[in-house]
Every structure is written in C-alpha cells, then in structure tokens.
Amino acid sequence: MTAKTKRSPKIICISSGKGGVGKTSFSVNVATALSQKGKAVLLIDGDLGLANVDVVLGLNVRHTIRETIEEGRDLSSSLVEINPRFHVLPASSGVPEMANLSYEEQALLTSSLEEIIDRFDFVLIDTAAGIGDSVLWFNTWSQVNIVILTPDPTSLTDAYALIKVLHTRHDRKHFHLLINSVQSKKEGQDVFANMSMVLERFLKITPLTLGAMPQDKSVSMAIRQQRPFLLGAPESKASLEIVAVAERIMNL
Amino acid sequence: MNRKAPSDTALLYRSLEEQAGQHPVRTIRLTGKGSEPLGLLLINAAVSASELAPILAGLRFTDQTRPTPVGQTEGKLPDLAWLRQQLAMELTQVQQSKLPCALLLLTLSGQDTGASALAGQAATALTPCLHPVDLLSGYHKNGLALIMPGAAVGKARKRAEEIRAALRNTAFTKGTTGVTPTLALGIAVCHAYETIPADQLLTLAEAELARAAKIGNDAICQSAAVRSEDSCQVTVEERAQLWMQPRKAARAAGIAA
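Parameters at a glance
Residues numbered from 1 in each chain as written. Chains lettered and ligands numbered in written order. Predicted model: local features only at pLDDT ≥ 70, side-chain atom pairs only at ≥ 80, totals over all residues. Heavy atoms only, no water. Helix = DSSP H or I, 4+ residues; strand = E, 2+ residues; numbered from the N terminus. Buried < 20%, exposed > 50% of the residue type's maximum accessible area, 1.4 Å probe, protein only. Contact = heavy atoms within 4.5 Å. Areas by Shrake-Rupley, 256 points an atom, 1.4 Å probe, with all protein chains shown as cover. Phe/Tyr/Trp six-rings, centres within 6.5 Å; stacked < 30°, edge-to-face > 60°. Buried area = accessible area lost by both parts, 1.4 Å probe. Salt bridge = Lys/Arg side-chain N within 4 Å of Asp/Glu carboxyl O. Pairing = 2+ DSSP bridges. Axes fitted to C-alpha atoms, helices over the stretch in contact; angles between N-to-C directions.

J.: Describe the overall build of chain B, listing the residues and the values that go with them.
T.: Along the backbone of chain B there are 8 helices and 10 strands. When burial is assessed residue by residue, chain B has 47% of its 257 residues classed as buried. Sequence separation of 24 or more characterises 71% of the internal contacts of chain B that already satisfy a separation of 6 or more. With an accessible surface of roughly 12500 Å², chain B has 55% of that area assigned to carbon and sulfur atoms.

This is the structure:
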C-alpha cells in the first residue's frame, strides 16, 4: 500500500433504499475513477450479510469484516489491494447474523475502521439495500450521504423512505442524489427535480445532484466480466459520466 | 427534540456497561451537562461504599451509580420507588447515548392470594432472559418491571415474547398446588428524539399493561403513541407526488410510440 501517511479521509456512504439500482457497480467504478485521479480510496462492502463488491470485482476473498467482528482479527489483514491506490474491505455473503450488528459489534467495527481509514483520501461504503440497522448505522457514521435511485416508482419510493428515516430518526440533512439508468439527460433532470420537490415539500430538505448515469450496455457487460466498466469501456457514456461524478465527489 | 444517532463514544460506554454486567464491578456514569457522556468508572465491587465515598466526593462530576446486573439482591426484588429512580437515570442516559430505552411491565393474575410469591417465582424464571444491563424490580404486589436500556419497540416486543414464553413454561406453585396465572405485558419506549420523564413512561407502560390485561390470553401491548412516533412510513400524499413524474413520462412515451 502506498498510502501510508495519515490523512483525513472523506467518508461517503452510498445507499439506495431499493436493491438492484446499481449501487455496487457505481461504487466500484467511482472508486476506480477516484484512484485514477491519484486519490487513495477504500471501498467498504457495507452489505455485511450479502456482500457483492468482491463479486463485481472478481475477487477471491479470504478474510472479511466478519472475522474482525467475530474473532477480533486485525481489519487491515482483510484489505484487498485492487491497485496501489484502491483497496477493498470485503464482507461475507450468506451470513444473516451479520446484517444486524449489536451495539458492541458496531463499537468494535467503528474502532477497527478508525484504525485503518486514515491511510485513505476517500472511504466509500457500499451499503445493503433497505433501511436495516447496518444501513442506517453506516449512513450516520459517514460525512456524505449519496442516495442512488432510478426513474422507477419503486426505486423513487424506497429512496425517499430511506431519506425520510435518516432525516427523521438520525438528523441527516444533506443528501446527494444520483439518478441511475436514465434514458436521457432530461429524464435524469426530471427525476431529480421531482424528488427535490417532494423532499422540500414534506421533509424540508434540499438535496444536491451528483448527476445522472445513462443506460449503457457496457455496464451490464462489465458486471458479467467482473470488471469495472471504466476499465473495460473507458470511452462509453457511462464511463464518461462516472469520471464527471468522481470529479464532483472530489469537490464535495 | 434531538434526533441524533448514538455517538461512537456512547456506544462504547454502553458496550462496556454490558460487559461490566458480567463481572463483579460497580459502574458509575460520569454525566456532566454536555450532550455527550463524560466517562465511565469501573470499580471493583469488593471496594466498600465507605471507602469509595471520599474518592467520589473529590470528583467534580455528577455521578450516577448504576446497579449491575439487575436489581434483584438477596432474593428480594426492589420496589416501585427504586424503579422510578433507576428509570429516571436511564432516561437521562437516553439523552446522552441517543439509544432508546424500553420499560416492560408484567402482571400475573387469576389467583386469589399469594401474588407476591408468584411474582418472585416469575422473577427467578425470567432470569435467563435478562441482559446484563437490564434492571428488574417488583411492580405492585403481583407484577414485575423490567427496564431494557438500548431496546427500541421491535426489540422490546421480541424480548417480551421471549419472557412470556419462559413464564408459560414455568411451573408456578401456590403452597403445594400448581397454578397457571394469566399474564399481561405492557411496553413503552423512550427515544432520544423525544425523551419523556420517567413518570410519563411509566404511565404509558401502565396504560399498555391495562390494555393487555383487558385482552387477556397473556397479551403483549405496546404504546400506540410510541409506535406512531416510531413510524417513518411514506404517506399517500408523498407517494402521489413521487410517482407523478414517472407517470407523466410513461404517458408521454406512450403517446410518442
């Protein structure tokens, strides 16, 4: 790892409410883009019971966050280096008890994470879908909350529900929205405008936009190839947008 | 209203209290006036109160000694006054730790006499269901009160169900005769985003207990006020607004096609 010097990382939580809207693909690619821009990035798989980051990146994972929580293993031993500036902290899959951590486990994970994150410029957390305890906890632990949604009514409703819970119960006020799988730029703008209007009217929240990711075949192809689309198809529409989003994230 | 999530420090202190409950140590909370707990003292339980008093007197903090693990000492349950005192302390802690706190009241009825003996048997029977930070006391003559720090509505309800199952499997006796009392369990929860005084929480729990007793059949009831406060359900109006744009877009796409 090249990033040994102590840093003050920006901790960013990426959530969605609904599953299958592209959180993991977005997280992996934006982490890749940030690392390409010279930033030291840690991507934490926050879906502690049904992990996916390792799948999207085609990693063969030996140790996960689970070993730290259950056996007290040093968290840094679970880090996987994707490139010298991009590391992944994988989670376990098919372990339901990991999905809801107790207070003690949360405290242990927090202190363990705090020991390793100061080597990075950005810490991205790809959470599980839904509004489970771990999702809410990761969101409250983070400095920046990104919510991904698609134009589907189910995704809109679940994203809104997530924001409502985080705002009402956890005092979060600043949300960055990323509209995924849009057919046109205008569709992205319309979805964001509508969501903003509802958030302002009912929750008195003014969200910020991170952009709109276009529907792009290279995204699904890259997932099947277990490789970031930014590397597989760097000139694709999705890759150009993810680079722009990474730049916006750097300025947050 | 304070809707902030528990801080890492508060979580750590809570974790330490949980662990301390399994050891012969006395836990003292240093609360201060700020929004964060100042600290936690763990003192060997073998140190006597007279030895400890001058040391604590030297501290400039407001200290709150917390009994661990439960309120049951020498087989005798503490009374309602003790419950109120502990509840007040726990609700202060809710403000600082941002963790919720649940109060469970349960009564055993259906017997003419010997209610307090049944409550004592119930206290023994539910001991395996208790967590280290729980505080158990008597509640009038025929009941028990359990303070469950850290438990929100869902967790409190689940634990009440465990307790009910444990009590249903208990062979209660009155003298030499086996008896089967009817249970009633009432729950009220205090959240950090809207803390309430101890008396009010007790009143809420008592109302739920009365409701459960009326229903019969070992019912468990939880505070409706807390339940609605705990809900973040997306309303019909919110949904209508959220779906407005996709419908418009779908209609436009249909017309274009």
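Read on for the rest.
J.: Explain the packing of aromatic side chains to me, using residue names and the numbers behind them.
T.: All names here are of chain A. Applying the stated rule across the entire model yields 2 aromatic pairs over all chains. Aromatic side chains tryptophan 137 and phenylalanine 138 sit 4.9 Å apart centroid to centroid with 45° between the ring planes, which places their arrangement in the tilted category. Phenylalanine 138 carries the same exposure label as tryptophan 137, and that label is buried. With a centroid separation of 6.4 Å and an interplanar angle of 20°, the aromatic rings of tryptophan 137 and tryptophan 141 are classed as stacked.

J.: If you had to explain the interface of chain A and chain B to someone new, which residues and values would you point to?
T.: In this complex, chain A contributes 30 residues to the contact, which on the side of chain B involves 30 residues. Buried area between chain A and chain B, summed over both chains or domains, comes out near 2500 Å², and the portion from carbon and sulfur atoms is 63%. Across the chain A-chain B interface, the total number found is 1 salt bridge. Here A:Lys164 makes a salt bridge to B:Glu238, at a shortest N to O gap of 3.0 Å.

J.: Give a detailed account of the sheet that holds strand S9 (residues 182–190) of chain B, specifying residues and quantitative values.
T.: All names here are of chain B. In spatial order, the strands read S5-S6-S4-S9-S10; together these 5 strands make up an open sheet with mixed pairing. Across the chains shown, the open sheet's two edge strands, defined by having one partner strand only, are strand S5 (135–139) and strand S10 (220–222). For this sheet, the mean angle separating the axes of adjacent strands, direction not counted, is 20°. With 9 bridges joining them, strand S4 (residues 101–109) and S9 adopt antiparallel strand pairing. By the bridge assignment for S9, leucine 104 is matched with isoleucine 187. Of the strands in this sheet, S4, strand S6 (143–149), S9 and S10 are in contact with helix H5 (residues 153–168), which crosses S9 at around 160°. On the sheet, helix H6 (residues 198–215) packs against S4, S5, S9 and S10 and is oriented at approximately 150° with respect to S9.

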